[in-house]
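Listed below, chain by chain, are the residues.
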Amino acid sequence: MILIPEYVAATQELARLPGKTKRSLCHFMDTQALRLNQALVMYGVSYISFIPNELLEMIFVETVKATIRADEEYSSSCALTRLRLRSRPELLLTSVSQRWRTVALGMPLLWTEIRLFLRQNVDLVNLYLTRSQGQLLDMRFIGIHCDFHSQDLPEFDPDYLRISHIILSHVHVCRRLEVHGAFPFPKLLDGFKRIKAPMLEELMVHYPLNIPNSRHLLFTEDLFLSADRLRVLTLNGLWVSGLSPENFSNLLSHLTSLTHLTLIGEPVDYVRSMDIPVVEIPLLQTMVLKPGPNISRTYLPTVFRTIRAPALRELVLDFHTATSSRDIQSLVDKLKRGAPPFPSVRLLTLCSRSMAYDGWHALAHAFSGITTLSVSKCIMNQLMGFLSCAGRRDAFPNLRTLLFDDVQFEWSLLIQLLQIREAAGMPVREVKMRGFKKHAQSELVGKLVASLATYTPVVIGWT
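Residues numbered from 1 in each chain as written. Predicted model: local features only at pLDDT ≥ 70, side-chain atom pairs only at ≥ 80, totals over all residues. Heavy atoms only, no water.

**Student:** Tell me about the layout of surface pockets, and please be specific about residues and values.
**Tutor:** Empty space among the atoms becomes apparent when a probe as large as a water molecule is rolled across them. Empty space within the second largest pocket amounts to approximately 300 Å³. Taken together, Val61, Val64, Lys65, Ile68, Met107, Leu109, Leu110, Thr112, Glu113 and Asp138 form the lining of the second largest pocket. Top element by residues in the lining of the second largest pocket is helix α3 (residues 53-76). It accounts for four residues. Grouping the constituent residues of the lining of the second largest pocket by class yields six nonpolar, one polar and three charged. (1 Å grid on protein atoms, 1.4 Å probe; cavity = no way out; pocket = protein on both sides within 12 Å on 5 of 7 lines; lining within 4 Å. Points joined across faces, edges and corners; volume = space filled by probe spheres on them. Helix = DSSP H or I, 4+ residues; strand = E, 2+ residues; numbered from the N terminus. Nonpolar A, V, L, I, M, F, W, Y, C, P; charged D, E, K, R; others polar.)

**Student:** Talk me through the pattern of salt bridges; I want residue IDs and the actual numbers.
**Tutor:** Applying the stated criterion to the full structure yields 13 salt bridges. As a salt-bridge pair, Glu202 and Arg175 come within 3.1 Å of each other at their nearest N and O atoms. Separated by 27 residues along the polypeptide, Glu202 in strand β4 (residues 202-206) and Arg175 in strand β3 (residues 174-181) bring together distant segments of the chain. Glu178 is the partner of Arg176 in a salt bridge, and the nearest nitrogen-oxygen pair spans 3.5 Å. Exposure remark for Arg176: the relative accessible area of 10% places this residue in the buried category. For Glu178, a relative accessible area of 7% translates into the label buried. Each of the salt bridges in this network shares a partner with another, and the network as a whole consists of Asp138, Arg140, Arg175, Arg176, Glu178, Glu201, Glu202, Arg229 and Arg231. (Salt bridge = Lys/Arg side-chain N within 4 Å of Asp/Glu carboxyl O. Buried < 20%, exposed > 50% of the residue type's maximum accessible area, 1.4 Å probe, protein only.)

**Student:** Tell me about the side chain of Ser296, and please be specific about residues and values.
**Tutor:** Inspection of the secondary structure assignment puts Ser296 in the loop between β8 (286-290) and α11 (299-306). A relative accessible area of 15% means that Ser296 is categorised as buried.

**Student:** Tell me about empty space enclosed by the protein, residues and numbers included.
**Tutor:** Applying the stated criterion across every chain yields a total of two cavities of 30 Å³ or more. The volume enclosed by the second largest cavity comes to roughly 40 Å³. Put simply, the parts of the chain that give the lining of the second largest cavity at least two residues each are α12 (326-337) and α13 (357-366). Among the elements that line the lining of the second largest cavity, the one with the most residues is α12, at four residues. In terms of residue class, the lining of the second largest cavity is made up of eight nonpolar, one polar and no charged.

Printed below as a string of structure tokens:
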């Protein structure tokens, strides 16, 4: 820290003041503040220069984290071909001043996010690998189908082969790996079979339509994965290029520490298979199912039938990209007739553009033990209408918390629902709404919250 003489003198003078001296303290402090500002300007020093290194490191870390979260949300909300690479904040931080550069270069964890893409400057990758100083890496490869140097298949492009070599050379110190390609990458996946990744905790594979993954996708007896460490697995694809049920079950049966499973699209080929093995995932706590448009009718029922998860606490059903209710009708039919697939689930999240009465009835039968129900904004009124029906007021008997994705809904339905649940001895004790904090001070919301407090002792909050 830079200590300016005027700043030191002012501090010493303040320290010598007796405790009873009050009359000129404010005037003195204002004068000294003015003198200090003048001194800072004269010496070309800003207040930010006085921030301790420890606090500066915290600011750097949060800045990088915020950018990573924004990138993940952006990439998950748009098509792969529309992805655009953003500036790296850690590089910008090192160009502010010599002190900031010294602090940033002394933080190896700041350089562990390795982003790989075609036509990339290899020197930048080596720079990050050097500055990370052997820390565990988070590697993400975005392969967008563009103008390849090779006239043959994209997978033989020299740029792609170079990136594959970088990944395979460092996967043994990789904590998180994401491969998101718009072209086949079997050579990369085949390479995983010959290399161990003992530190890998998260794996995300987004594979395109035309890759024969059932033959290439790394899941054989010689797994490159560390079965006792991988906790998070995400698979994204279509059934025509998806894993065979045998490979899928073999994979899950080896991942004894898996706690989070996300299946996007239809990454398992249940369409062309008759013999479908059942697999148990003993430690699985969260499962996210996000089927794409035009899914096969057998997909969702088969997933529910073939996966056993005795410790599952949270289930997310995201039907936003499904083309119509017909895409999920087979699941609804199975849930109505069969035994509850995951009786241990306590938090159910449902995202959909619409949900018919038949669908709510099936969910109430299959997940009667939930204590928390989260729904997207398009179906909030439908849920409250279903729970208020005379024949369905006993649905979800253990429900205590409602999570709404918006504040724009029929508040009269909510008041009615809370009254009905209270009278039936199944009270809802907490209602949370996304965006409620922003509107909490408005007069209308204030009146509605007051009305809710009159009818039932419910906590109103936000997410």
